[in-house]
Amino acid sequence: MKFGVQYYPEHWPRDRWAVDAKMMQRAGVNVVRMGEFAWSAYEPKEGALDFTWMEEAIALLSSHGIRTILCTCSRTPPPWLYQKHPGIVNCALNGNTQPTDERYRVGLAHGEFIAEAQRIDGAVIRHFAGNKHIVGWQVDNEIGASNDCFCPRCREKFQEHLRQKYSTPGALNEAWGSHFWSYNIEDFSEVPTPHKRAQPLVEYRRFMSGLNVEFSRWRADLIRELDPGKLVTTNYQNIHAQHTDCHALGRTVDVNGMNHYPARTPELAIDYYRGARGEVWCLEQHTRLQHHDTPAGRMRLWAWMAIAHGATGIVYFRWRQCRWGQEQFGDGLLPHSGEENRFYGDLSRIGAEIKHLGDMLAPTRPRAKAAIVFSYESRWSFEASGFDRGLGPVTEAVDFHKALSRRLTAIDAMDPRENLSAYRLVIAPRLWMVDQRIADNLRSFVGQGGTLCLTTASGVVDEYSKSFDTPRPGRLQDLAGVTVSDLAFDKALRLPLASDVIPDLDGEEGSLLADEVHPTGATVIATHAAGWRKGSPAITMHTVGKGRVVYVGVRLSPEAVQTLTNWLCETTGFPKPFELPNGVSACERACDDYTLLFFINYRDDPQNVQVGEGWIDAFTGESVAVAEVPANDLRILRSGK
Ligand SMILES: [Zn+2]
């Protein structure tokens, strides 16, 4: 288990480095992440490269048993580079260049930036390759954040991207429905910068995301060539950021990495960024939520939450609050003064716990039998089509993830094109865009006996963001055994439900989005209970071979999502869940020899969970039949052996 902090030696006087290294060592830190914003410290003026300070910091930390994950740094260039190449700055949609006293304000299609970025990153990689104190590399930081560009040069590159993809203007016109509002083109150079039209907007997002992915690929490939054997990672910004398809980005690195800020992002995020790979490094792990009152011990629980969900690396952000800049009053472990505080106490406690359990944790991973799937392309298309992002797949995925978390101790989340053969239940919230590969993958999953749950507004558009000319859910129509004739999107919708099959759904409610559902092979398991829809299908189930597809034709309240999820889990044959008090979570990691159960109590009072026979406390080895979890604390149990 990698355990450590983000450290910026360039922020602090050298005589402080040894103090920090000793404090880190005492707290059990075994790794630091450094260097992602270090360009101006490496090269204060053009050509004057100086890596000695970083070499010294790496060596000093290593002498205290602390290894380094070194980052490349080029997306935050020094002011002299902006002065030398004013054209590297990216542009907003209105054509204005972005202010350069912010970070990441560069266009990744701007040739002079790419050349300079490859020069500095190449120099860093070449210089530090082979350094035995470096255990891994991180490609830059939050790749894609703030890199969107709408300048004329990027429009030309976009047009070239379209030429490569569509070959002829006619093919583009056909895919994009260019007769609408007189958009037909005769030459790719006529394509304007996308603004409102969904089809070009989705393609522009693919183009920009592709630049971000290639930015990572170039560096990861060079690191593997020059420093073989070192793991390469990068940190996905957060689940609400849509700038980059993180599944495509993930294919460029060896280990998924992420920012983990539980106070700002849902628990789903860590399962989504870990995905089916089984592990993730939390490269920015939350310490405290400035300026909110962060309860004592909470940063310890957040770290264990990440580990319980499969994290194999915890790197807190940051070692010490910085004294300057946009993050002067941002999150951090030590205060500005650098003195020990209660957060340092938490760090030391977690460090000791990880040291104690490290060997036991190492071979284990979450082993999920249920997955939630949604794609970036679907999110881009849903939003480009004029729908509120808040109604998109992530919001509904969060509801289903919370509900599943009350029933299951491991859940995976991933792109719908990933291999689904390990799962018995797959929930695909708001699967707006369905290409042939997704349709085939889901058909194969159901054909092997899986239970698939689709929700309202699924199968609406194809990969070009073009509506199907067959009834919804388009390519999934035969699989779902329903057709959908209309989609209502209305804030005034209040749709009570009735069900004989799932009696607990009686009285539950849907709202905001509703399909008009017509079974073509499916049976109705819940109907609308009032208004002009009274008696019409709300939820259906279609048996397909040994599998089945549940179609939810209305946006359910979180309570109704829980009721439906309970039914899905029971009828899929999942074991009876632990009876979890509200505010207590349960997660599981396992290997072939044993299972680890993590119960985390976020409440201010102690809670008990009945676990039955066969469990021992992972720390003490005592038998446990009832897990007593103190207030704001956790228990880790191990299956006996
Ligand atoms: Zn540009």
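Criteria and cut-off values
- Residues numbered from 1 in each chain as written.
- Predicted model: local features only at pLDDT ≥ 70, side-chain atom pairs only at ≥ 80, totals over all residues.
- Heavy atoms only, no water.
- Axes fitted to C-alpha atoms, helices over the stretch in contact; angles between N-to-C directions.
- Helix = DSSP H or I, 4+ residues; strand = E, 2+ residues; numbered from the N terminus.
- Parallel < 35°, antiparallel > 145°, perpendicular 65-115°, else oblique.
- Contact = heavy atoms within 4.5 Å.
- Nonpolar A, V, L, I, M, F, W, Y, C, P; charged D, E, K, R; others polar.
- Donors = N, O, S within 2.8 Å, 3.2 Å for Na, K, Ca; no water.
- Tetrahedral: all angles 85-135°; square planar, octahedral: opposite > 155°, others 65-115°.
- Buried < 20%, exposed > 50% of the residue type's maximum accessible area, 1.4 Å probe, protein only.
- Domains from an automatic or database assignment.
- Pairing = 2+ DSSP bridges.

### Quick word on the packing of helix 6 (residues 152-166) against helix 8 (residues 198-226)
Part 1 of the argument: Between helix 6 and helix 8, whose axes approach to 10 Å, the crossing angle comes to 100°. Our classification of the angle between helix 6 and helix 8 gives roughly perpendicular. On the side of helix 6, the interface is formed by Cys 154, Arg 155, Lys 157, Phe 158, His 161, Leu 162, Lys 165 and Tyr 166, while helix 8 contributes Pro 200, Glu 203, Tyr 204, Arg 206, Phe 207 and Met 208.
Part 2 of the argument: Each residue belonging to the contact of helix 6 with helix 8 can be placed in one class, and the counts come to eight nonpolar, one polar and five charged.

### Digging into the coordination of the zinc ion
Part 1 of the argument: Distances from the zinc ion to its protein donors, His 110 (NE2), Cys 149 (SG), Cys 151 (SG) and Cys 154 (SG), fall at 2.1 to 2.3 Å.
Part 2 of the argument: Considering all four donor atoms around the zinc ion, the spread of angles at the metal, 101 to 117°, places the coordination shape in the tetrahedral class.
Part 3 of the argument: Along the chain, the residues donating to the zinc ion are arranged with the sequence spacing H-x38-C-x1-C-x2-C. Taken together, the positions of His 110 in the loop between helix 4 (79-84) and helix 5 (111-128) and Cys 154 in helix 6 put the pair 44 residues apart, joining distant regions of the chain.
Part 4 of the argument: Overall, the relative accessible area of 1% leaves Cys 154 in the buried class.

### What about the domain arrangement of the protein chain?
Buried accessible area, meaning the area lost when the parts come together, often serves as the stated size of an interface.
Part 1 of the argument: Partitioning the protein chain into domains gives domain 1 (1-30 + 254-362), domain 2 (35-151 + 199-242), domain 3 (370-572) and domain 4 (584-639).
Part 2 of the argument: Measuring from the centre of the C-alpha atoms in domain 2 to the corresponding centre in domain 4 gives 41 Å.

### Notes on the pairing of strand 13 (residues 482-498)
Part 1 of the argument: Of the strand pairs in this sheet, strand 13 and strand 14 (residues 509-519) are connected by 11 bridges, and their pairing is antiparallel. Opposite Val 482, over in strand 14, you have Pro 519 as the bridge partner.
Part 2 of the argument: One ladder, built from two bridges, connects strand 13 with strand 15 (residues 523-528); its direction is antiparallel. Among the inter-strand pairings, Ala 498 is bridged to a residue of strand 15, identified as Thr 527.

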